[in-house]
Amino acid sequence: MCSSDLADLPRDMDLVTLMLWVKTHPSHFVGMSRLAVALIRQKQWNEAKTLLKEIIALFPEYHEGGNAYTLLAQVHRELGETKEERAVLEQLTALSDDDVDALDRLMDLSIEQEDWIAALNTADRLLGINPLIAAPHRVIATAAEQLNDSRRAIPALRALVALDPIDPAGVHFRLAVHLTEQSEFSAARREVLRALEEAPRFRAAHRQLLVILEEIERTEKTTPSRSAAELETDTPPRDAPGKTAESVANKAGELRSEEHTSELQSRSDLVCRLLLD
């Protein structure tokens, strides 16, 4: 392409004149690209599709602004050709690591088609570009839930909490459920209580709190514990002279605090049961 060619290609050409110009200047990237844009503006989708495929065949590596892949994906979308649109976007994102719009659309298509693995991979790529956008975290949480992968869902939901979600109660509740599945009961209790703080009448959260409290109680029953009195009368072992009576008393105080927490749990259990009746 030479400068004289561009001089012969004014920007205000009408569609017919532009088509004639491209016909007399075959394989001219700028001319073909402008014609494709003009065809899209006129909603001549099939003609635009044919031309854009030709541009890609001639210039397959070009993926900068105004590239034929992006325009072809737009045409497929207008024609309702979802499979073809996704294929073109996959070609484009294989060439470009930072096309946020293409990755975002590809992520949405993966969700629509319930391709959870692809959705996770695309969301990870978006987070590699900008970890502070919420959409990829939401997609990872949803996809991980569909794949029954609590370990993957937990960090995504925690990130959403930090990003001030629209539905904080729902996010805290989902996080509590996954933490319960991972037997992280104390953390799960904190999250479900935060959900209830946001939405006090959230019945599913009340039920989840009962589940968590029952699991905590069951765990405590199966874990041997020593009473406060036993700790107070404990004698420091010979190989640990630094453990004075004061440290033993501190341990006893900690145990009393745990017993107080257990009492609060019992009260919470009662409140939940009354709310659920």
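Each remark here, short or long, concerns the structure printed above.
Residues numbered from 1 in each chain as written. Predicted model: local features only at pLDDT ≥ 70, side-chain atom pairs only at ≥ 80, totals over all residues. Heavy atoms only, no water.

### Quick look at the overall build of the protein
Item 1. Per the secondary structure count, the protein includes 15 helices and zero strands.
Item 2. Sequence separation of at least 24 residues holds for 45% of the intrachain contacts in the protein that already meet a minimum separation of 6.
Item 3. Here the protein displays about 16600 Å² of accessible surface, and carbon together with sulfur accounts for 51% of that area. (Helix = DSSP H or I, 4+ residues; strand = E, 2+ residues; numbered from the N terminus. Contact = heavy atoms within 4.5 Å. Areas by Shrake-Rupley, 256 points an atom, 1.4 Å probe, with all protein chains shown as cover.)

### A word on the environment of Glu61
Item 1. Looking at the secondary structure, you find Glu61 in the loop between helix H4 (45-58) and helix H5 (68-78).
Item 2. On a C-alpha basis, the gap between Glu61 and Leu95 in space is 7.2 Å, while along the polypeptide they are 34 residues apart.

### Structural notes on the packing of aromatic side chains
Item 1. Enumeration according to the criterion identifies three aromatic pairs in this entry.
Item 2. Relative to Phe59, the ring of Phe29 has its centre 5.0 Å away and its plane inclined at 75°; by these criteria the two rings are edge-to-face. Here Phe29, found in helix H3 (residues 29-41), pairs with Phe59, found in the loop between H4 and H5; they are 30 residues apart in sequence, far enough to count as distant.
Item 3. The exposure class assigned to Phe59 is partly exposed, which follows from its relative accessible area of 27%.
Item 4. Here the aromatic rings of Phe173 and Phe202 are separated by 5.0 Å at their centres, their planes lie at 45°, and the arrangement is tilted. One end of the pair, Phe173, is in helix H11 (residues 168-181); the other, Phe202, is in the loop between helix H12 (185-198) and helix H13 (203-222), and 29 residues separate them in sequence.
Item 5. Each residue in the set Phe29, Phe59 and Tyr62 is aromatic and connected to the rest through ring pairs, giving one cluster. (Phe/Tyr/Trp six-rings, centres within 6.5 Å; stacked < 30°, edge-to-face > 60°. Buried < 20%, exposed > 50% of the residue type's maximum accessible area, 1.4 Å probe, protein only.)

### Comments concerning the packing of H5 against helix H6 (residues 82-95)
Item 1. Where H5 contacts H6, the axes come no closer than 8 Å and their chain directions differ by 165°. Put simply, H5 runs roughly antiparallel to H6. Like other packed secondary-structure pairs, H5 and H6 cross with a definite hand, here left-handed. Two secondary-structure elements touch here, H5 through Tyr69, Thr70, Leu72, Ala73, His76 and Arg77 and H6 through Glu84, Glu85, Val88, Leu89, Gln91, Leu92 and Leu95.
Item 2. Here the contact of H5 with H6 is composed, by residue class, of seven nonpolar, three polar and three charged. (Axes fitted to C-alpha atoms, helices over the stretch in contact; angles between N-to-C directions. Parallel < 35°, antiparallel > 145°, perpendicular 65-115°, else oblique. Left-handed = near helix turned anticlockwise from the far one by under 90°. Nonpolar A, V, L, I, M, F, W, Y, C, P; charged D, E, K, R; others polar.)

### Some words on H3
Item 1. With 13 residues, H3 should cover 18 Å at 1.5 Å per step; its first-to-last C-alpha distance of 18 Å lies within 8% of that length.
Item 2. Within the sequence span of H3, burial applies to Gly31, Met32, Ser33, Leu35, Ala36, Ala38, Leu39 and Ile40.
Item 3. Each element contacted by the buried residues of H3 is listed here: helix H2 (15-24), H4 and H5. (Expected span 1.5 Å × (residues − 1).)

### Considerations on the side chain of His137
Item 1. Inspection of the secondary structure assignment puts His137 in helix H9 (residues 134-146).
Item 2. A distance of 3.0 Å separates the side chain of His137 from the backbone oxygen of Pro131, its partner in a polar contact.
Item 3. Each residue touching His137, except ones within four places of it in the same chain, is listed here: Leu127, Pro131, Ala156, Ala159, Leu160 and Leu163. (Polar contact = N/O pair within 3.5 Å; in protein donor to acceptor, adjacent residues only side chain to side chain.)

These figures capture arrangement, not role.
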